[in-house]
Amino acid sequence: MRLCTDGPLRGEVEAPGDKSCSHRAALLAALTDDEVTIFNFAPGEDCASTLDCLAALGVPVTRRGSEVTVQGRAGVLDEPDRVLDCGNSGTTMRLLAGLLSGQRMHVILSGDDSLNRRPMDRIVDPLRHMGADIRMREEAGAPLSICGGVTRGGEYRTPVASAQVKSAILLAGLYAESATTVREPGTSRDHTERMLEAWGVPVQRHNGRVRLGGKGLSRLRAPEDGVRIPGDISSVAFLVAAALLTPGSEVLIRNVGINPTRTGILAVLESMDARVEADNVRDWMGEPVADLLVRHSSLRPFQVEEDMVPTLIDEIPLLALLAAHARGTSTFRGVGELRFKETDRLAAVQEELGAVGVQCRVREDTLLIDGEEDFSAIPATPDARGDHRMAMTLALAGLPDGRVELRNDSAVDISYPQFFHHLRSLGARPSSRGEHLQMGLLGEGIEDSASPPMLRTALEVCGLRGSYRLFDVGSKDLGAAVRGLGALGVVRFNVTRPHKVAICRYLDRLAPSARDLEAVNTVVPDGGELVGHNTDVAGVARALRDAGFRMQDSRVLIVGAGGAARAALRAAVDGAAAGVHIANRSPRAAAELAGLWWAEDCATQVHCSGLTDVPGGRFDLIIQATPVGSLDASCPLPEHCHLGAGVTVLEMIYRPQVTSLVRRARTAGAKVVPGSEMLLHQGARAFELWTGEAAPVQKMREELGRVLRW
Ligand code: S3P
């Protein structure tokens, strides 16, 4: 993946829910005896790990997009019959370890290789002091084996300022008979404290000490109207940086959590002269929230002192990149804790950002960056090392012209799966240049398709590496085929008859172009998900527009009622046609199409009938959308339909080019738009969705002409 910008970034983005707050809300909800709805729950795999673990502990969890409902178990969870998988999420493992230390059962927590290498003694030691029976691997890492047992609170001094350690102790402290106090060497994020207070459990805070009274669990009540999670400043920081670095940009990011224990980055940006304004500040259950307005800026170097590090701990790789764009030396002191993140981030910053040309030095726990105003990355293919924040930082390092090709970009899914999508919506161009793009067509009886030569030409003209193959699959094998293609890395494909509707249930999501239509002809990967799009509608509209046809206020006859007719109807409705008549051999299928809600609830009058009952009178546009129509089959259009001058005919069949309808239309003096034009434009749009490149439409048309020999 390469990220480019052609011009300024502009627009608005709704910040995705905060990861730290989402973990905490789900865990606390499980301990109440209420059904708790959490709105704006964080996307990404880390928080999904927390929900999966809760489900394995017998907590009913339902999720509809960013809305999560947790049915609390009044503090009593079920002993799971398997090892709980915390994935890549340190917060899941450490906070859950605290929470489970108060339960009476045996649980094993494990994670991926990166998580199992991270230090767990920092939570295990205090939890043992509170009475918990916990074992860890000899090297102080996970898997952890927990048998509960917390009975007492106590006072703990944590060796590092870590919100995960503090929160693990506080969650265990909820079960303790006596008070629990945590003292930290610095102030780490305080979402647990704020949330406990908002949920009825008093927490006293004074001079770096946090104190929770005994038996806190009995007081815990979820807010009545559910919980709204503020936007994640650690995720949107990457959008902020993209806007700061791209000349002319102006971007508004809504609903960003600006808890002062998280906003170290805003303070540093201010000292860099970055133009970032926080407006419309309000309170969401004890957490301050604002909208951030960001404008392109020239940046000055900065100093981060040790006491500030906990407030920007996750933003250091990104700030290191911004420092590269500020003339002079920027310094981060006391950042040794970075060695214990998802990867050794100090080494990753030095080596991977170093590989793209950022001048980094590490002196013990100090990181120094020598920047220049007109920093430009050297072409490189750095490795995110499976670390989501490194992945997003490195993706931005290649701006504006995509000099950096990021390997393993799927790491962004850990915290911010919509990262590339949001950047695209602001005008950036994630480009697949450098990747080997495996594309194809999934359908039945497709050996004659003209898509392979057309799309191979597009790849070649754009200088992209890739292939376009045919996958002939019957209906009963469709699900297996989609999974199989995914396993082979074929995640960009077109879909044709008879699977356009059935494919929907095998995809993760439908894009707006396919949602109402419930028909998909293009599948596009986005943040590890398969998203269904429909480019047929745009293909019809574009083919007609290029032929000079004006849809608005026109009268349209659509012959057929299958998938192609559905796209034609949608193009007519979207183009504000005055009326559409759907004629089909089976009048019932025509009525079904005309009865789709979006066809009924629109300004266009939609009627239908059998083929022989098409009303007399003139249509401005006739779309032939049945599979019949080849030279030897009879023309599906009834004889009485007028076909003179001033009528436009779109014949969706492109092989052969001259069908009986095309001959009849030409003889009668009607204007003919060949089906190959629709094929061309739907394919061009699919190509753009897959590659982020402008499709070479004329070259694709020439290739189609050669293949179809017109
Ligand atoms: C987090 C705390 C921080 C942070 C992590 C999330 C939390 O870790 O890096 O991304 O939600 O408590 P530490 O507590 O280990 O510093």
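Residues numbered from 1 in each chain as written. Predicted model: local features only at pLDDT ≥ 70, side-chain atom pairs only at ≥ 80, totals over all residues. Heavy atoms only, no water.

Moving on, we get to the sheet that holds strand β10 (residues 154-157). Pairing is mixed in the open sheet, where 4 strands are placed in the order β10-β11-β13-β12. If you trace the sheet from one side to the other, it starts and ends with β10 and β12 (203-206), each paired once. Between one strand axis and the next, the sheet turns through 15° on average, direction left out of account. Alignment of strand β11 (residues 180-183) against strand β13 (residues 209-212), held across 4 bridges, turns out to be antiparallel. Note that in β13 the partner of Thr180 across the bridge is Leu212. Against the sheet, helix α6 (residues 163-173) contacts β10, β11 and β13, and its axis sits at roughly 175° relative to β11. (Pairing = 2+ DSSP bridges. Helix = DSSP H or I, 4+ residues; strand = E, 2+ residues; numbered from the N terminus. Axes fitted to C-alpha atoms, helices over the stretch in contact; angles between N-to-C directions. Contact = heavy atoms within 4.5 Å.)

We now examine the site of the ligand. Taken together, the neighbourhood of the ligand is formed by Ser20, Arg24, Thr91, Arg94, Ser162, Ala163, Gln164, Arg189, Ile313, Asp314 and Lys341. Measuring from an oxygen atom of the ligand, one finds a side-chain N or O atom of Lys341 at 2.6 Å. Alone, the ligand offers 380 Å² of accessible surface; in the complex the protein occludes 96% of this. Secondary structure elements with two or more residues in the shell around the ligand: α1 (19-31), α3 (90-100) and α6. Looking at which domains feed residues into the shell around the ligand, each of domain 1 (2-15 + 230-427) and domain 2 (19-228) supplies at least three. (Near = heavy atom within 4 Å. Polar contact = N/O pair within 3.5 Å; in protein donor to acceptor, adjacent residues only side chain to side chain. Areas by Shrake-Rupley, 256 points an atom, 1.4 Å probe, with all protein chains shown as cover. Domains from an automatic or database assignment.)

In this section: the packing of helix α17 (residues 536-546) against helix α18 (residues 563-574). Look at α17 against α18: their axes get within 8 Å of each other, and the N-to-C directions meet at 60°. When the interaxial angle is binned, α17 and α18 end up oblique. Crossing of α17 against α18: the hand is right-handed. When α17 is examined against α18, the residues Asp536, Val537, Val540 and Ala541 are found in contact with a partner set consisting of Ala567, Ala568, Arg570, Ala571 and Asp574. When the residues that make up the contact of α17 with α18 are grouped by side-chain class, the tally is 6 nonpolar, no polar and 3 charged. (Parallel < 35°, antiparallel > 145°, perpendicular 65-115°, else oblique. Left-handed = near helix turned anticlockwise from the far one by under 90°. Nonpolar A, V, L, I, M, F, W, Y, C, P; charged D, E, K, R; others polar.)

A separate point is a negative patch on the surface. On the surface, Glu444, Glu447, Asp448 and Asp472 cluster together into a patch of negative charge. Within the secondary structure layout, Asp448 lies in the loop between β23 (436-443) and α14 (451-461). (Patch = residues over 30% accessible without salt bridge, like charges linked within 9 Å, V, L, I, M, F, W, Y side chains within 5 Å. Salt bridge = Lys/Arg side-chain N within 4 Å of Asp/Glu carboxyl O. Lys, Arg positive; Asp, Glu negative; His and termini not counted. Charge placed at Lys NZ, Arg CZ, Asp CG, Glu CD.)

The description of an aromatic ring pair rests on the distance of the ring centres and on the angle between the ring planes. All told, the structure shown has 5 aromatic pairs when counted by the stated rule. Ring plane angle 55° and centroid distance 5.7 Å describe the contact between Tyr416 and Phe419, whose orientation is recorded as tilted. No difference in accessibility class separates Tyr416 from Phe419, as the two residues are buried. Considering the side-chain rings of Tyr468 and Trp690, the 6.4 Å spacing of their centres and the 45° angle between planes classify their relative orientation as tilted. Of the two residues, Tyr468 is situated in strand β24 (residues 465-472) and Trp690 in helix α22 (residues 675-691); the sequence distance between them amounts to 222 residues. In this pair, the class of Tyr468 matches that of Trp690, namely buried. In textbook terms, an aromatic cluster arises when at least three aromatic residues are bridged by ring pairs, as seen for Phe238, Tyr416, Phe419 and Phe420. In this arrangement the basic side chain of Arg570 is found over the ring face of Trp598, its NZ or CZ atom lying 4.9 Å from the centre. (Phe/Tyr/Trp six-rings, centres within 6.5 Å; stacked < 30°, edge-to-face > 60°. Buried < 20%, exposed > 50% of the residue type's maximum accessible area, 1.4 Å probe, protein only. Lys NZ or Arg CZ within 6 Å of the ring centre and 35° of its normal.)

Using the criterion set out here, one finds 44 salt bridges in the structure. With a closest N to O distance of 2.9 Å, Arg429 and Asp6 form a salt bridge. Here Arg429 is found in strand β22 (residues 428-431), whereas its partner Asp6 is found in the loop between β1 (2-5) and β2 (10-14), with 423 residues between them in sequence. Assessed through its relative accessible area of 25%, Arg429 is described here as partly exposed. The salt bridge partner of Asp365 is Arg339, with a shortest N-O separation of 2.8 Å. Of this pair, Asp365 sits in the loop between β20 (359-363) and β21 (366-371) while Arg339 sits in the loop between β19 (328-332) and α11 (345-355), and the two are 26 residues apart along the sequence.

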